[in-house]
Amino acid sequence: MEDAFQKFQAAKQALANYKRSHQISDLPDEIGAQRSIVWNLILEKGKASAIQQTDQFPVYDQLISQHQAELQRLTALSDECEALQYNITRAESYYEFLVDKETEAKLKENEVLRGGFIQVVEPAYPPREPVSPSTQRYSPLEAY
């Protein structure tokens, strides 16, 4: 379970490092903000055109171009950012699954021990070496 927790923490750290290296915080919000800026600049350019202030066009064109470039940069980061977020979600789900199973096992153990039917004499330990796969196992279907 500790390994699952470490993988969860590593996935979160990978996303944090990615965001830091690309200077982003909340990518969907930043993409939305850039889209909004571009649309507002286009509208402002349209207003300038309506009142015949064509001398402002180069400024608007330059600003629109800069923000469209930033929008493209942020959009290009989306796939990798989503993959990193998916890794976090998957690692967190697996960790939570293991925590739930551990809790369930402890509850069952306590229930059995309270019943007084079983007494643990010595704790169980995992095998020191792998069990041979060639060991024959009993199958109920083989009896027929």
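Since the model is a prediction, treat every value here as computed from it, not as a measurement. (Residues numbered from 1 in each chain as written. Predicted model: local features only at pLDDT ≥ 70, side-chain atom pairs only at ≥ 80, totals over all residues. Heavy atoms only, no water.)

Trainee: When you look at the overall build of the protein chain in this model, what are you seeing that I'm missing?
Mentor: Of the regular secondary structure elements, the protein chain holds three helices and zero strands. For the protein chain, the succession of helices and strands along the chain, N to C, is α-α-α. Burial analysis of the protein chain (144 residues in total) assigns 15% to the buried set. For the protein chain, the share of sequence-separated contacts (at least 6 apart) that also reach a separation of at least 24 residues comes to 72%. Approximately 11900 Å² of the protein chain is accessible, and the part contributed by carbon and sulfur atoms is 54%. (Helix = DSSP H or I, 4+ residues; strand = E, 2+ residues; numbered from the N terminus. Buried < 20%, exposed > 50% of the residue type's maximum accessible area, 1.4 Å probe, protein only. Contact = heavy atoms within 4.5 Å. Areas by Shrake-Rupley, 256 points an atom, 1.4 Å probe, with all protein chains shown as cover.)

Trainee: What should I look at first to understand the confidence of the model for the protein chain in this one?
Mentor: Where the model shows low pLDDT, its predicted coordinates should not be examined in detail. This prediction gives the protein chain a mean pLDDT of 87; 90% of its residues lie at or above 70. When the elements of the protein chain are averaged for pLDDT, helix 2 (residues 27–50) gives the smallest value, 91, and helix 1 (residues 2–21) the largest, 93. (pLDDT = per-residue confidence, 0-100.)

Trainee: When you look at the pattern of salt bridges in this model, what are you seeing that I'm missing?
Mentor: For side chains bearing opposite charge, pairing can occur when the charged atoms are close. Across all of its chains, the model carries seven salt bridges by this definition. Linking Lys7 and Asp3 is a salt bridge whose minimum nitrogen-to-oxygen distance equals 3.6 Å. A residue pair is termed a helical-turn pair when its members lie 3 or 4 positions apart in one helix, as Lys7 and Asp3 do in helix 1 at four residues. Among the salt bridges present, the one from Lys47 reaches Glu44, with a minimum N-O distance of 3.5 Å. Placement of the pair is Lys47 and Glu44 together in helix 2, with a separation of three residues, close to one helical turn. Here the salt bridges do not stand alone but share partners, grouping Lys101, Glu104 and Lys108 into one network. (Salt bridge = Lys/Arg side-chain N within 4 Å of Asp/Glu carboxyl O.)

Trainee: Mind showing me how you'd approach helix 2 here?
Mentor: Along an α-helix, residues three or four positions apart point the same way, because every turn accommodates 3.6 residues. Compared with the 34 Å implied by 1.5 Å per residue over 24 residues, the 35 Å span of helix 2 between its first and last C-alpha is a close match. Among the residues of helix 2, those classed as buried are Leu27, Ile31, Gln34, Val38, Leu41 and Ala48. Buried positions along helix 2 lie against helix 3 (57–115). Among the residues trailing helix 2, Gln52 stands out with phi positive, at a value near 60°. (Expected span 1.5 Å × (residues − 1).)

Trainee: Is there a simple way to explain the packing of aromatic side chains in this structure?
Mentor: Given two aromatic rings, one states the distance between the centres and the angle between the planes to describe the pair. Tallying each qualifying case throughout the model produces two aromatic pairs. Note on Phe5 and Tyr95: the rings are 5.1 Å apart at their centroids and 50° apart in plane angle, and the pair reads as tilted. Of this pair, Phe5 sits in helix 1 while Tyr95 is found in helix 3, placing the two residues 90 residues apart along the sequence. Taken together through their ring pairs, the aromatic side chains of Phe5, Phe8 and Tyr95 make up a single cluster. For the cation-ring pair, Lys45 lies above Phe57, with the distance from its terminal atom to the ring centre recorded as 5.2 Å. (Phe/Tyr/Trp six-rings, centres within 6.5 Å; stacked < 30°, edge-to-face > 60°. Lys NZ or Arg CZ within 6 Å of the ring centre and 35° of its normal.)

Trainee: Looking at this structure, how should I read the packing of helix 2 against helix 3?
Mentor: Think of two packed helices as two axes; the pair is described by the angle between the axes and how far apart they sit. Interhelical geometry of helix 2 versus helix 3 gives an angle of 160° and a closest axis separation of 9 Å. Classified by the interaxial angle, the pair formed by helix 2 and helix 3 is roughly antiparallel. The way helix 2 lies across helix 3 gives a crossing that is left-handed. Each residue belonging to the contact of helix 2 with helix 3 can be placed in one class, and the counts come to 15 nonpolar, six polar and six charged. (Axes fitted to C-alpha atoms, helices over the stretch in contact; angles between N-to-C directions. Parallel < 35°, antiparallel > 145°, perpendicular 65-115°, else oblique. Left-handed = near helix turned anticlockwise from the far one by under 90°. Nonpolar A, V, L, I, M, F, W, Y, C, P; charged D, E, K, R; others polar.)

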